[in-house]
Amino acid sequence: MLVPATEMLKKAKAGHYAVGHFNTNNLEWTKAILQTAQELNSPVIIGCSEGAGKYMTGFKVVADMVKAMIEEMNITVPVALHLDHGTYDGCMKCIEAGFSSIMFDGSHYPIEENIAKTKELVKICAEKGMSLEAEVGAIGGEEDGVIGKGECADPDECKMIADLGVDMLAAGIGNIHGKYPADWPGLSFETLAAVSEKVGEMPLVLHGGTGIPEDMIKKAISLGVCKINVNTECQLSFAEATRKYIEAGKDQQGKGFDPRKLLAPGFEAIKATVKEKMELFGSVGKA
Ligand SMILES: [Zn+2]
């Protein structure tokens, strides 16, 4: 059974650790994330972007796959299935499809419009027992095909959105999606501290978790971040392990071309990355 992210994030915030949000792309990804969470007795959030949903032929397929895997794999740790960077329409589709959590990314709208749309979704999510993430201050890197530098959110705007009754808030603090450039100045802890002070108990979300140095991750958690999004890092580990397998010619030995063999090293690599992140975020044993 899927659960909203609300309770696991409240617990994480109170316990000074973070729950990992890992984006899924297919069956292997989903299985690797669920298996690792169960083995480490950690709560977990499976993220699905609109693009990944489309790739998997629709959000219903994603929701049904995750739910069926939880059942077939006897997963007992709390699992939330969360739409990552949703448009308003995408949010509606995921509510329909049976997700337990959604993110409405209204950061590119003027604040008034972000507030109006977020408000509507707060109402629907409350009725459906789902959790809702809002975003203030666009997160840099490639988001919706636009390369940004990593904005810092206005703490007052964060407070306005937090007060609407969302369950978690993503505030831009200089973080970027994808790989970080060599001249990246680092996270703005000044912004994070100011946002944290304004929004109080509201769980804060850190996007772009790939490549942020460990000490910065730990400091962010100490300042109220309790959900950290990891996407690119699992993709890089999967690609590297798969490349090694092919380059070693293993697909040409025996039945090495069997997808269950061909995708196995990549699967194990995703598991290793998820494990490493859960240990860093402090969520191991917290289910
Ligand atoms: Zn993001």
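This is a predicted model, so every value here is computed, not measured.

Draft legend 1. Spotlight on the coordination of the zinc ion. Bound to the zinc ion on the protein side are His-85 (NE2), His-177 (NE2) and His-207 (ND1), at distances that span 2.0 Å. All donors of the zinc ion come from a single chain, and their spacing in sequence reads H-x91-H-x29-H. Taken together, the residues span a long stretch of sequence, with His-85 in strand β3 (residues 79-86) and His-177 in strand β9 (residues 176-177) at a distance of 92 residues. As far as burial versus exposure is concerned, His-85 and His-177 are alike and both buried.

Draft legend 2. How the structure looks around the packing of helix α7 (residues 155-162) against helix α8 (residues 189-199). The interhelical angle for the contact between α7 and α8, taken along N-to-C directions, is 35 degrees, at an axis separation of 9 Å. The way α7 lies across α8 gives a crossing that is right-handed. Across the interface between the two elements, Pro-155, Asp-156, Cys-158, Lys-159 and Ala-162 of α7 pack against Ala-194, Val-195, Lys-198 and Val-199 of α8. Here the contact of α7 with α8 is built from residues that sort into 6 nonpolar, no polar and 3 charged.

Draft legend 3. Layout of the sheet that holds strand β5 (residues 131-136). The 8 strands lie next to each other as β1-β2-β3-β4-β5-β8-β10-β11, forming a closed barrel whose pairing is parallel. Taking the axes of each pair of neighbouring strands and ignoring which way they run, one obtains an average angle of 25 degrees across the sheet. Inspection of the sheet shows strand β8 (residues 168-171) paired to strand β10 (residues 204-206) by 2 bridges, in the parallel sense. Looking at β10, one finds that Ala-170 is bridged to Val-205.

Draft legend 4. A look at the pairing of strand β2 (residues 44-49). In terms of residue burial, β2 counts as a mostly covered element, since 5 of its 6 residues are buried. Judged from the 3 bridges that link them, strand β1 (residues 19-23) and β2 form a sheet pairing that is parallel. Directly across from Phe-22, in β2, lies its bridge partner Ile-46. Assessed by its sense of winding, the connection that carries the chain from β1 through helix α2 (residues 27-39) to β2 is right-handed.

Draft legend 5. Focus on empty space enclosed by the protein. Counting across every chain of the model gives 1 cavity of 30 Å³ or more. Of the voids in this model, the largest cavity is the one considered here, and its volume is about 30 Å³. Among the secondary structure elements, those contributing two or more residues to the lining of the largest cavity are β8, α8 and β10. For the lining of the largest cavity, a count of residues per class yields 8 nonpolar, no polar and no charged.

Draft legend 6. Broad picture of the nonpolar core. Among the nonpolar cores identified, the biggest contains 80 residues, and Val-79, Phe-99, Ile-102, Leu-121, Leu-169, Leu-187 and Leu-206 are the most heavily contacted of them. With 7 residues, the single largest contributor to this core is helix α4 (residues 59-72). With residues near it in sequence (within four places) discarded, Leu-206 still touches Ile-173, Asn-175, Leu-187, Ile-212, Ile-217, Ala-220, Val-225, Lys-227, Ile-228 and Asn-229. Judged by nonpolar contacts, the second largest core, of 14 residues, contains Ala-5, Val-19, Ile-45 and Met-103.

Draft legend 7. Layout of the side chain of Thr-24. As for its placement among the helices and strands, Thr-24 is situated in the loop between β1 and α2. Relative accessible area serves as the criterion here: at 0%, Thr-24 is assigned to the buried category. Discounting residues that sit within four places of it in the chain, Thr-24 has contacts with Trp-29, Thr-30, Ile-33, Ile-46, Gly-47, Cys-48, Ala-52 and Met-56.

Definitions and cut-offs
Residues numbered from 1 in each chain as written. Predicted model: local features only at pLDDT ≥ 70, side-chain atom pairs only at ≥ 80, totals over all residues. Heavy atoms only, no water. Donors = N, O, S within 2.8 Å, 3.2 Å for Na, K, Ca; no water. Helix = DSSP H or I, 4+ residues; strand = E, 2+ residues; numbered from the N terminus. Buried < 20%, exposed > 50% of the residue type's maximum accessible area, 1.4 Å probe, protein only. Axes fitted to C-alpha atoms, helices over the stretch in contact; angles between N-to-C directions. Left-handed = near helix turned anticlockwise from the far one by under 90°. Contact = heavy atoms within 4.5 Å. Nonpolar A, V, L, I, M, F, W, Y, C, P; charged D, E, K, R; others polar. Pairing = 2+ DSSP bridges. Right-handed = clockwise from strand over helix to strand, strands pointing away. 1 Å grid on protein atoms, 1.4 Å probe; cavity = no way out; pocket = protein on both sides within 12 Å on 5 of 7 lines; lining within 4 Å. Points joined across faces, edges and corners; volume = space filled by probe spheres on them. Core = buried A, V, L, I, M, F, W, Y, C linked by side-chain atoms within 4.5 Å.

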